[in-house]
Amino acid sequence: MRNAASAVSRGVEVDWQWLSPWPWFEFAGAVGYIDARYRDYPGAPAPISEGIGVQQNLGGERLAFTPEYSASLSPKFQFPITPDVGISLVFDVLYASDKFSDTDLDENTRILETTRVNARLNLGAIDRSWSVTVGVKNLTEVIELNKANDTPFFPGTYHAQQAPGREVFAAFRLSL
């Protein structure tokens, strides 16, 4: 196995934040596209199903770990409770297209496109001197693979790692 002789990546990402005419609403987001490919990669590992020690040239193929498209949307709602304290609710919708999680680009290591939703509720001082946050990651409990790889000494089998399910968190921040 050798390192890739050369690769090229080109893309564009657009980020925005809309400060709406309503003081209680903001909307942020991003959209990205990346075309990341090996120019030449002779001696790249082939899927283990093709045999131990078999190589391939991945020239022209997508780089592993690189989704072609990604996007995020984050609406934020914020309201004052008193002149000094406010509350905000933020949602994050995160999208990534499919990608390979192993450098041999074995179809069995393809991670399918995913969309995750996170949410957090924040109560804190308007001057940001303190805050209490509670949140949920993976609100919709999307079950997805985080990674899949060939199992080295057992051809035709794979080691898979599941991405975290729903996670609940809390945080307190104090600035002195």
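Our structure's up above, just so we're on the same page.
An account of the accompanying structure is given in this report. (Residues numbered from 1 in each chain as written. Predicted model: local features only at pLDDT ≥ 70, side-chain atom pairs only at ≥ 80, totals over all residues. Heavy atoms only, no water.)

Let's shift gears to the pairing of strand E2 (residues 25-40). Strand direction decides the pairing type here: strand E1 (residues 6-19) and E2, joined by 14 bridges, are antiparallel. When the bridges of E2 are listed, Gln 17 appears paired with Ala 28. What sits between E1 and E2 in their antiparallel hairpin is a turn of 5 residues. In this structure, E2 lies alongside strand E5 (residues 69-80), joined through 9 bridges in antiparallel fashion. Residue pairing across strands places Gly 32 opposite Ser 70, the latter belonging to E5. (Pairing = 2+ DSSP bridges. Helix = DSSP H or I, 4+ residues; strand = E, 2+ residues; numbered from the N terminus.)

Counting residues in each nonpolar core, the largest one holds 9 residues, listed as Ala 36, Tyr 38, Tyr 41, Ala 44, Leu 58, Leu 63, Ala 64, Phe 100 and Leu 105. In this structure Phe 100 touches Ala 64, Phe 65, Leu 105, Asp 106, Glu 107, Thr 109 and Arg 110, once residues within four positions along its chain are discounted. (Core = buried A, V, L, I, M, F, W, Y, C linked by side-chain atoms within 4.5 Å. Buried < 20%, exposed > 50% of the residue type's maximum accessible area, 1.4 Å probe, protein only. Contact = heavy atoms within 4.5 Å.)

Counted under the stated rule, the structure contains 10 aromatic pairs. Relative to Phe 25, the ring of Trp 24 has its centre 6.0 Å away and its plane inclined at 55°; by these criteria the two rings are tilted. By relative accessible area, Trp 24 is classed as partly exposed at 33%. Arranged with centres 6.5 Å apart and planes meeting at 15°, the rings of Trp 24 and Phe 77 form a pair that is stacked. Within this pair, whereas Trp 24 is found in the loop between E1 and E2, its partner Phe 77 is found in strand E5, the two being separated by 53 residues in sequence. One aromatic cluster is present, built from ring pairs that chain together Trp 18, Trp 22, Trp 24, Phe 25, Phe 27, Phe 77 and Phe 79. (Phe/Tyr/Trp six-rings, centres within 6.5 Å; stacked < 30°, edge-to-face > 60°.)

Time to look at unusual backbone geometry. Here the phi dihedral of Asn 138 falls at roughly 60°; this positive angle occurs in a residue that is not glycine. Relative to the helices and strands, Asn 138 resides in the loop between strand E10 (130-137) and strand E11 (145-150). Of note in the backbone geometry, Glu 141 takes a positive phi value of approximately 55° without being a glycine. Counting through the fold element by element, Glu 141 comes out in the loop between E10 and E11. Judged by its relative accessible area of 46%, Glu 141 falls in the partly exposed class.

Structurally, Thr 109 is set in the loop between strand E7 (99-100) and strand E8 (110-111). The class of Thr 109 is buried, set by a relative accessible area of 0%. Each C-alpha atom, one on Thr 109 and one on Asn 57, is 18 Å from the other, the two residues being 52 residues apart in sequence. With sequence-adjacent residues up to four places away left out, Thr 109 is seen in contact with Lys 99, Phe 100, Ser 101, Asp 102, Asp 104, Ala 148, Asn 149 and Tyr 158. At a separation of 2.8 Å, a polar atom in the side chain of Thr 109 contacts the main-chain carbonyl oxygen of Asp 106. (Polar contact = N/O pair within 3.5 Å; in protein donor to acceptor, adjacent residues only side chain to side chain.)

Moving on: the sheet that holds strand E6 (residues 85-96). If you trace the 7 strands from one edge of the open sheet to the other, you get E1-E2-E5-E6-E9-E10-E13, paired in antiparallel fashion. A single partner strand is all that each edge strand has here, and the edge strands are E1 and strand E13 (167-174). On average, each strand axis in the sheet is tilted by 15° relative to the strand beside it, whichever way the strands run. Pairing of strand E9 (residues 114-125) with E10, which is carried by 6 bridges, proceeds in the antiparallel orientation. The residue of E10 that forms the bridge with Leu 121 is Val 134. (Axes fitted to C-alpha atoms, helices over the stretch in contact; angles between N-to-C directions.)

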